[in-house]
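Notes for the structure review
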Amino acid sequence: MGGTEMAEEYVRTGQFRGATFRQASFAGAEFREVDLSGVAVRDSDLRGVRLASCAVDGLVITGIDGMAGEVVVDDVPVGAFVASELDRRFPERVRLRAVRTADDVRAMWAQVEELWAGTLGHAAALPDDALHRRVDGEWSFVETLRHLVYVVDTWVGLALQGRADSFHPWALPQSDLPDDAAAAVGLDRDARPAFDDVVALVRERWGAVRHALDEVTDGSLDEQRTVRLPGEDDAPVTVRRCVGTVLREHVEHRRFAERDLAALAR
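Residues numbered from 1 in each chain as written. Predicted model: local features only at pLDDT ≥ 70, side-chain atom pairs only at ≥ 80, totals over all residues. Heavy atoms only, no water.

1. As for a nonpolar patch on the surface
A surface patch of nonpolar side chains, about 530 Å² in accessible area, is lined by Tyr10, Phe16, Phe21, Phe26 and Phe31. By secondary structure assignment, the location of Phe21 is in the segment before β1 (40-41). Here Phe21 falls in the partly exposed class, since its relative accessible area comes to 46%. (Patch = residues over 30% accessible without salt bridge, like charges linked within 9 Å, V, L, I, M, F, W, Y side chains within 5 Å. Areas by Shrake-Rupley, 256 points an atom, 1.4 Å probe, with all protein chains shown as cover. Salt bridge = Lys/Arg side-chain N within 4 Å of Asp/Glu carboxyl O. Helix = DSSP H or I, 4+ residues; strand = E, 2+ residues; numbered from the N terminus. Buried < 20%, exposed > 50% of the residue type's maximum accessible area, 1.4 Å probe, protein only.)

Structure (structure tokens):
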């Protein structure tokens, strides 16, 4: 993103209707008297975004959870309200922020597994084809489980255990990981495994997390490891970051999964 192109002004144009912008920068852009109805903003940096006097019927913004930046609507900052409401609906977010010790980590993971067991039960009540269906362009439920496999393979298998061969071909990386970096560790983005097979795989990975956390101590949480994540150079990471990422990814993706399962059920 970025560049030195001159700023342009677009007036009375419909050329962007229905367009998709991916990995593009609108930093500092201004939209006046525009129609934002039905617009969806996902996984984007929202720091300093201000909305006022716009047609916003059906506008969807995800990521206003205290991590993507403050959003102001008609001069009212809404980030704190959204974060508070998410905490009310998903109290495990509050508990996650309070994790400090190795025992905290293990207790949090036990709750994560319990919550996901309920989510898997909700999913099992739907037909298999629905679990491969994307809602509003987001990952399908099966793809979400495949991403959790990737999370465990990255932060437990690779980072904590140092296994370069930790990745299962079905593991699904983040969307912005280049295809050559994914292929370099043996990932098959186009795989379409059955729901039951992915559930068996993710349960196996959850057992690996449980076993790895049994070895974690208060003293080891701040130990550093040198890790080469897919598509990146060698970098130091702490054990705390590794286990924290596994916990956070499971908490947040369960929230998204429950939202999409409810939409599929309707």
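2. Focus on the pattern of salt bridges
In this structure the tally under the stated criterion is 20 salt bridges. Salt-bridge contacts for Asp87 lead to Arg97; the nearest nitrogen and oxygen are separated by 2.7 Å. On the criterion of sequence distance, the pair formed by Asp87 in helix α1 (residues 79-89) and Arg97 in helix α2 (residues 92-97) is long-range, its members being 10 residues apart. Judged by its relative accessible area of 15%, Asp87 falls in the buried class. On the basis of relative accessible area, Arg97 is assigned to the partly exposed category, the value being 48%. The residue Arg93 makes a salt bridge to Glu252 at a minimum N-O spacing of 3.2 Å. Linking Arg93 in helix α2 with Glu252 in helix α8 (residues 239-265), this pair joins segments that are 159 residues apart in sequence. Shared partners join several salt bridges into a network, and the residues in it are Asp87, Arg93, Arg97, Glu252 and Arg255.

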